[in-house]
Structure formats: C-alpha cells, structure tokens
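Reading the structure
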Amino acid sequence: DAGITQSPRYKITETGRQVTLMCHQTWSHSYMFWYRQDLGHGLRLIYYSAAADITDKGEVSDGYVVSRSKTENFPLTLESATRSQTSVYFCASSESAGTGYEQYFGPGTRLTVT
Amino acid sequence: AQKITQTQPGMFVQEKEAVTLDCTYDTSDPSYGLFWYKQPSSGEMIFLIYQGSYDQQNATEGRYSLNFQKARKSANLVISASQLGDSAMYFCAMREGFGTNAGKSTFGDGTTLTVKP
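Let me begin by describing the structure that accompanies this report. Small disclaimer: the values here were computed from a predicted structure and weren't measured.

Counted under the stated rule, the structure contains two disulfides over all chains. At a sulfur-sulfur separation of 1.8 Å, the disulfide partner of A:Cys23 is A:Cys91. Disulfide A:Cys23-A:Cys91: the torsion about the S-S bond is -75 degrees, which places it as left-handed. Of this pair, A:Cys23 sits in strand β3 (residues 19-25) while A:Cys91 sits in strand β9 (residues 87-94), placing them 68 residues apart in sequence. Overall, the relative accessible area of 0% leaves A:Cys91 in the buried class. Sulfur-sulfur distance for the disulfide between B:Cys23 and B:Cys92 comes to 2.0 Å. Torsion about the S-S bond of the B:Cys23 and B:Cys92 cystine: about -65 degrees, corresponding to left-handed handedness.

On to the interface of chain B and chain A. Interface size is commonly expressed as the accessible surface area that is lost when the partners come together. Each side of the interface is counted separately: chain B has 23 residues, and chain A has 22 residues. The contact between chain B and chain A buries some 1700 Å² in all, and 54% of this surface belongs to carbon and sulfur atoms. Where chain B touches chain A, the interface holds zero salt bridges. Linking chain B with chain A are five residue pairs in polar contact (both at pLDDT 80 or more). Secondary structure elements with two or more residues in the side of chain B that touches chain A: β5 (32-39), β6 (46-52), β10 (88-96) and β11 (105-107) of chain B. The dominant element in the side of chain B that touches chain A, judged by the number of residues it contributes, is β5(B), at five residues. Looking at the side of chain B that touches chain A residue by residue, the class counts come to ten nonpolar, nine polar and four charged.

The subject of this paragraph is the packing of aromatic side chains. Enumeration according to the criterion identifies 17 aromatic pairs over all chains in this entry. With a centroid separation of 5.6 Å and 40 degrees between ring planes, the pair formed by B:Tyr37 and B:Phe107 is classed as tilted. Here B:Tyr37, found in strand β5, pairs with B:Phe107, found in strand β11; they are 70 residues apart in sequence, far enough to count as distant. Put simply, the rings of A:Tyr31, A:Phe33, A:Tyr35, A:Tyr48, A:Phe90, A:Phe105, B:Phe35, B:Tyr37, B:Phe47, B:Tyr50 and B:Phe107 touch in pairs and so form one group of aromatic residues. Above the face of the A:Tyr31 ring, B:Arg95 is positioned so that its terminal group lies 5.6 Å from the ring centre.

Cut-offs and rules
- Residues numbered from 1 in each chain as written.
- Chains lettered and ligands numbered in written order.
- Predicted model: local features only at pLDDT ≥ 70, side-chain atom pairs only at ≥ 80, totals over all residues.
- Heavy atoms only, no water.
- Disulfide = S-S within 2.5 Å.
- Helix = DSSP H or I, 4+ residues; strand = E, 2+ residues; numbered from the N terminus.
- Buried < 20%, exposed > 50% of the residue type's maximum accessible area, 1.4 Å probe, protein only.
- Contact = heavy atoms within 4.5 Å.
- Buried area = accessible area lost by both parts, 1.4 Å probe.
- Salt bridge = Lys/Arg side-chain N within 4 Å of Asp/Glu carboxyl O.
- Polar contact = N/O pair within 3.5 Å; in protein donor to acceptor, adjacent residues only side chain to side chain.
- Nonpolar A, V, L, I, M, F, W, Y, C, P; charged D, E, K, R; others polar.
- Phe/Tyr/Trp six-rings, centres within 6.5 Å; stacked < 30°, edge-to-face > 60°.
- Lys NZ or Arg CZ within 6 Å of the ring centre and 35° of its normal.

Given below as structure tokens:
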C-alpha cells in the first residue's frame, strides 16, 4: 500500500521489556519523525532523521533508540519500557526539511506498558 | 527555542457559524512555516493549511483560512460555515528553516472543537 504505515497498531508490554515500533513509507521522503502523544496533549518529538544513517534527538529522546539503514524504514525501540512511556506513537515523513513541506502521518501505535 | 501556544483547550461553535482557533508562536528564525492539522476522534492526523513566514497574503484552503499576523506572532485558524464533521482536535505547528532546529516541527497542545447542531 502506498503511504506511511506503522506496526503494530496496538501493543501491550510489561515494564522492563524491549519493544520496537515499525514505520515504513513508500514515498522515498528524506525526512522521518517519531512523536508521542499523551492523552489530551499535543505531539512531542522523540527523534527525527534527515536521511538514511542520519538521526537526531528530539525533546523527549531518553529511553528511546532509532535507526535508519534504509530511506523507507524508521524503527523506534524502547530499550526497557516504563509505564511513563504508555502513549500513542506517531511516525511521520516529509519530502524535505524546507519550511513549506507538511508532514504525512502514519495511523499511530497505541502502546500500553503495564 | 521554538514554542507554540494554543490557549483554548476547548471551543464550541454552532453549525454553519465561523470559528477562530488561536495560535501564537515564538521563534528567532526569520524563515519558518506554520501549519494546522486536524485530529478527529479516529486518531489520524490530517494536514489542513500552511503559511510561510515570507508569504504576504493569508493562506486559504476551502473553508479554512489562516489569519497570519507576523508582528504579533500569531497564526489563527478560521473555519467558516462549521460542519458537524469539523468536530475534532486541532493542532498548530511550526517548522523552522535554519540552524540547529532546521527541519524539526514543534506542536501546540491543541484545541478541541465541538460543533453543535
């Protein structure tokens, strides 16, 4: 399917476990992003990537790891999940860093850490 | 640091009336873009409208318009002729063009709009 997909859509995990959220886009967009959205709040940037093998931290990167070996994939790993990481995670992509380029969002992954 | 402020946690509007959702921003970057996104109860994020910092005219997209007041650093979204389907959460976002924040976006906390029949 064309567009941006995330998997899994729903995930329940236990405290201390490692979990990886997947993101795949078919547009060959150079920029990709991971956000978290806590209940009733806006999106906070976790990590972003300007191209394959180029990643940078956002405002809430502690406890998360990313990689980007291919342009189309941008997985997010929670190294040791904590209850505070219960959230909805959105992946997004953008054609360019230019200020005029909007972001295209995936459907989100709802993660619950018990 | 870039910052987006949306001061209205919730808004109500009567169907067919216009509504303005407020957004103020803070940046020292002369080049930036301002965006509005809609998030219905289903959860997806939908791009609505964009305004560039150098644009002389306010952006419009169908029933959406952006009231851009650069000196006041405000970028309010105006929805005309509200429809029941406009009930959703609305986010203002900013993307900077230069420096260490180039390419990043900052989002506000959102405004929940409820359209009454």
